[in-house]
Amino acid sequence: MRKRLTSLTFKQKLIIFSVIISTLPILILGLSSSYIVRKSIQEEVDTNHQTVLKQIQFQLDNFVKNLQISALSIASDKTIEKAMLLPPPSDNVSQSLELTDILIKHQSFSSIRFTASLIYKKYDFAFSNKSPLFFYEIMDKVQPKFNATFVVTPNTYANQDELLLFSPVPRHTYYSDGILALHVTIQELTNFLEKLTFGHRSKVFIVDETGRVIVSQNKDEIGTKLADTNDLYHFWKDPDGFEGSFVLKGEQYKLTAQTSSLNNWTYIAMTPIREFTEKSDKIQRLTWLLFAAIALVWTVIAFIGSSRLYVPVERMLRRFTDEHKLDRTGKEGLEAIDSMMKQMASANIEMQKKLSEHMPYLRESLFHHLLRGEMTEKEFLQKSEQLELPFAGPVFAVCMATVDDFNLFIQTYSQKDRPLIHFALRKIFEETCENELACLTFSFQPGQVTAVFGFEKESAEIEGKLAVLMDRFREHVREYFRFTVSVAISRPRQGFGGTQDCFQEAVGLLGHRLLLGPNVTITEQKIAPSMKQSGRALVQGMKDIAHSLIQGKTGEAVEQLDALIATVAKGAYSSEMATGLFSYLLGELDYFMNELDCSLEDFFQEDLYKRLSSLHTLKEVRDWLADTVFPEVVSKLESYNVSKQKRLIQQVLLDIHEHFETDVSLQQTADHFGIHPSQLSRMFKEVTGMNFIDYLIQFRMRKAADWLAQTQLPIKDIAERLRYSSVQNFSRVFKQVIGVPPGEYRKQHNASAE
């Protein structure tokens, strides 16, 4: 059997198990219920019999009570009482009619059909169809106490085929003056019993305290006494002690008894045993029929359903067999799928491993676009779901560490070794901060490491805490390497979008290391106002030189270089600081060229930073940059097919991104770049596909959307920062670009964030 089962296909097993699972509960439930019914049906019948017997008892008690009420009503009638004190109306026709009318009247008020007899004891006269002796004989045998009414069951005495109820007349006498007897026929009793539903095969006996049958469906049994040799007699004597069943005319009956507390009568119900067995047998037959029907139907359903369910399995097997050359030799369908899933799981583990290895590079690339302003916060969040960032914000700060002597860095480490040095710097960064703050580190440029820190809320202690950690980081770098670094710490800002401003602030702060010296931690608080102004002038001067070279204006770049050298000479900077300043100029130029998809390394075979460190005077630096570097850069840009128009528009875009919070206009920008406004407008449209003013509006609105989502700045302040004269004008333009008013946009973003 085991071999045959194991040799079945999954489809065959599915059909068999489906049929078994669906039919087995029906079979178990049916057999169990049949057994339980067979055991408990007698208890249920007993309970029903007791209930019905109580109803019969209640109805018969009411029958007797109503009869007693009628007797009391007649016996208390003033006319009847008065008539019993007078001679009997044997010869008085009018008196007889009057008594007859009164009795008929009382009979009409009762729900029980009866006749009445009046017995005048003083005169030995009976107003009845029976003689007074008949009633005297009963009275002598019963010997009633006082004036209580009493009932005589049918056939108790000779010629007594009716149920009799006696009452004294008048009521205050003790049967001394007159007697009232109410007659109820046996037919009336049987009619009463037939009105009480009990069961078409069941029998009901009502037996008085002497064992005489008072009421029965069979008239011949009424008035007979139970024989002490009869099982029914023993049951009547001791219902609880009776065991077994009662047999009558070859049929077995189940007996149930109920005793009345009103008159001590016993109510006995007899139900044929075969009624019980018929019910249980019927349940058992129905169970087997239901089981057979369900088994048949479910077999068909299981066969069809299993075939349908197996279609996707077959389809999947065919597809993978054809596409992936899956080996199915000796394998059943699900075994082949299991083999396929193992292969897929193994491939998935390998892919997860590779993804984990590339995760740092993915983070670095995504943050590079975010920090450069090339991606909105919404776009960043959509693409960063799988990056497993170690922090969630909502407050962020950026720290940027850069090598102080870049020329020494280039000379010391070859291009092949620099990635290892950058990796080591990042590890030192992370290990320095790991016990206190979570951070992500990146290396966007040679000799530079950027870290993003996340905080749960804004606090005045953030910059101080970061400054302590950055001082510790600088000491570790100085201990392990032959160079030093300076670190700039931005102020904390709300949201991932705020990291763009943090990054730009850190870049600006690093420009001040030319004035502060090497190996320093730079924060906004450490820079004096005069130093800020001087540092901003130097940094802006270098940006202007790079702008001019990208546009191909060599002469203008040389003039700006002369002004920069004059500023450095007046400041009496040290040679190390001056060298660092011009190294920064080369880095700024390389940054702008990266925006045009090229770099200084593509243009020069020699190491520019090494050559810069070999120059000893500002004049040598000036002549080398003006006569060699600047012309070569312009010449190479032209040979790289980077059109002057594209370079100009790239600089215009950078200018817009840098000065969008000022009164930027087409005329102002054209004047700044020395070109006619109409010509700039045409060139801008050709390169970007948009008008100048449309691009400016869209850029400002994107910034406004970021501020609304990431900060709590009032809408009025945002409108003023973006140079709008009124909140109404700003809201109108914002709705045209974004689609909803500023206030609604902030509510939607806050609701989605919650």
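Throughout what follows, the structure given in this document is the object of discussion. In this text, all values refer to a predicted model and were calculated from it rather than measured experimentally.

## Considering the overall build of the protein chain
From N to C terminus, the protein chain includes 28 helices and 16 strands. Looking at the protein chain residue by residue over its 754 residues, the buried ones come to 45%. A separation threshold of at least 6 residues defines the contact pool for the protein chain, and within that pool the share at least 24 residues apart is 64%. Carbon and sulfur atoms make up 53% of the accessible area of the protein chain, which totals about 40,500 Å².

## Describing the pairing of strand E11 (residues 395-403)
With 9 of 9 residues buried, E11 lies mostly within the body of the structure. The side-chain alternation of E11 yields two buried faces, one formed by Val395, Ala397, Cys399, Ala401 and Val403 and the other by Phe396, Val398, Met400 and Thr402. Here 8 bridges tie E11 to strand E13 (residues 448-455), and the two strands are oriented antiparallel to one another. Across the sheet, Ala397 pairs through a bridge with Phe453, a residue of E13.

## Let's talk about the packing of helix H25 (residues 692-710) against helix H27 (residues 727-738)
Between H25 and H27, the least distance of the axes is 10 Å, while the angle of their chain directions is 95 degrees. Considering the angle they form, H25 stands roughly perpendicular to H27. In this structure, H25 contributes Ile697, Gln698, Met701, Ala704, Ala705 and Leu708 to the contact, and H27 contributes Phe730, Val733, Phe734, Val737 and Ile738. Broken down by class, the residue content of the contact of H25 with H27 amounts to 10 nonpolar, 1 polar and no charged.

## Here we look at the pattern of salt bridges
Inspection of the entire model under this criterion finds 12 salt bridges. The closest approach of N and O atoms between Arg622 and Asp562, which form a salt bridge, is 2.8 Å. One end of the pair, Arg622, is in helix H21 (residues 618-639); the other, Asp562, is in helix H17 (residues 554-571), and 60 residues separate them in sequence. In this structure, Asp623 engages Lys619 in a salt bridge whose closest nitrogen and oxygen atoms are separated by 2.9 Å. Of this pair, Asp623 and Lys619 both sit in helix H21, 4 residues apart, which is roughly one turn of the helix. Through salt bridges with shared partners, a single network forms among Asp562, Lys619, Arg622 and Asp623.

## Structural notes on a nonpolar patch on the surface
Together, Ile16, Phe17, Ile20, Ile21, Leu24 and Ile28 make up a nonpolar patch on the protein surface, roughly 560 Å² of accessible area in all. Considering the arrangement of structural elements, one finds Phe17 in helix H2 (residues 10-75).

## Details of the sheet that holds strand E6 (residues 203-207)
If you trace the 5 strands from one edge of the open sheet to the other, you get E7-E6-E10-E9-E8, paired in antiparallel fashion. At either margin of the open sheet sits one strand with a lone partner, and together these are strand E7 (213-216) and strand E8 (246-248). Each strand of the sheet is rotated relative to its neighbour by a mean of 30 degrees, with strand direction disregarded. Strand direction decides the pairing type here: E6 and E7, joined by 3 bridges, are antiparallel. Each bridged residue has a counterpart across the sheet, and for Ile206 the counterpart in E7 is Val215. Contacts from helix H6 (residues 186-194) reach E6 and E7 within the one sheet, and its direction differs from that of E7 by about 55 degrees.

## As for the packing of aromatic side chains
Evaluation of the coordinates by the stated rule reveals 22 aromatic pairs. Considering the side-chain rings of Phe684 and Tyr695, the 5.6 Å spacing of their centres and the 70 degrees angle between planes classify their relative orientation as edge-to-face. Residue Phe684 is found in helix H24 (residues 677-688), and its partner Tyr695 is found in helix H25; the two are separated by 11 residues along the sequence. Of the two residues examined, Phe684 and Tyr695, each falls in the buried class.

## Here's the deal with the nonpolar core
Counting residues in hydrophobic clusters, the biggest one holds 73 residues, and the most contacted among them are Phe429, Phe453, Phe483 and Leu625. Those residues in contact with Phe453 that lie beyond four places of it in its chain are Val395, Phe396, Ala397, Cys399, Phe429, Cys433, Leu437, Ala438, Cys439, Leu466 and Met470. Core analysis: the second largest hydrophobic core is formed by 38 residues, Ala83, Ile112, Tyr267 and Ala269 among them.

## Some words on the sheet that holds strand E2 (residues 125-127)
Strand order in the open sheet formed by 5 strands is E2-E1-E5-E4-E3, with antiparallel pairing between adjacent strands. Here the strands that pair on one side only, and so sit at the sheet edges, are E2 and strand E3 (150-152). Taking the axes of each pair of neighbouring strands and ignoring which way they run, one obtains an average angle of 25 degrees across the sheet. In the sheet, strand E1 (residues 115-120) pairs with strand E5 (residues 178-185) via 6 bridges, with the strands oriented antiparallel. Counted as the bridge partner of Ile119 is Ile179 from E5.

## Here we look at the environment of Gln160
With respect to the helices and strands, Gln160 occurs in the loop between E3 and strand E4 (162-169). As a C-alpha pair, Gln160 and His183 span 23 residues in sequence and 9.9 Å in three-dimensional space. Sequence-distant contacts of Gln160, that is, excluding residues within four places in its chain, are made with Phe134, Val152, Thr153, Pro154 and Asn155. Here Glu162 takes part through its backbone oxygen, which lies 2.5 Å from a polar atom of the side chain of Gln160.

## With respect to the packing of helix H23 (residues 666-673) against H24
At their nearest, the axes of H23 and H24 sit 9 Å apart, and the two run at 95 degrees to each other. With respect to their mutual orientation, H23 and H24 come out roughly perpendicular. Contact residues: H23 offers Leu666, Gln667, Thr669 and Ala670, while H24 offers Pro677, Leu680 and Ser681.

## Quick look at the side chain of Lys703
Along the chain, Lys703 falls in helix H25. At 3.3 Å, the side chain of Lys703 and the side chain of Gln500 are in polar contact. Setting aside anything within four residues of it in sequence, one finds Lys703 in contact with Gln500, Asp501 and Phe660.

## A look at the side chain of Ser443
Mapping Ser443 onto the fold places it in the loop between strand E12 (439-442) and E13. Apart from residues no more than four positions distant in its own chain, Ser443 is found in contact with Glu364, His422, Arg426, Gln448 and Val449.

Criteria and cut-off values
- Residues numbered from 1 in each chain as written.
- Predicted model: local features only at pLDDT ≥ 70, side-chain atom pairs only at ≥ 80, totals over all residues.
- Heavy atoms only, no water.
- Helix = DSSP H or I, 4+ residues; strand = E, 2+ residues; numbered from the N terminus.
- Buried < 20%, exposed > 50% of the residue type's maximum accessible area, 1.4 Å probe, protein only.
- Contact = heavy atoms within 4.5 Å.
- Areas by Shrake-Rupley, 256 points an atom, 1.4 Å probe, with all protein chains shown as cover.
- Pairing = 2+ DSSP bridges.
- Axes fitted to C-alpha atoms, helices over the stretch in contact; angles between N-to-C directions.
- Parallel < 35°, antiparallel > 145°, perpendicular 65-115°, else oblique.
- Nonpolar A, V, L, I, M, F, W, Y, C, P; charged D, E, K, R; others polar.
- Salt bridge = Lys/Arg side-chain N within 4 Å of Asp/Glu carboxyl O.
- Patch = residues over 30% accessible without salt bridge, like charges linked within 9 Å, V, L, I, M, F, W, Y side chains within 5 Å.
- Phe/Tyr/Trp six-rings, centres within 6.5 Å; stacked < 30°, edge-to-face > 60°.
- Core = buried A, V, L, I, M, F, W, Y, C linked by side-chain atoms within 4.5 Å.
- Polar contact = N/O pair within 3.5 Å; in protein donor to acceptor, adjacent residues only side chain to side chain.

Note that all results are geometric; they support no functional claim without further evidence.
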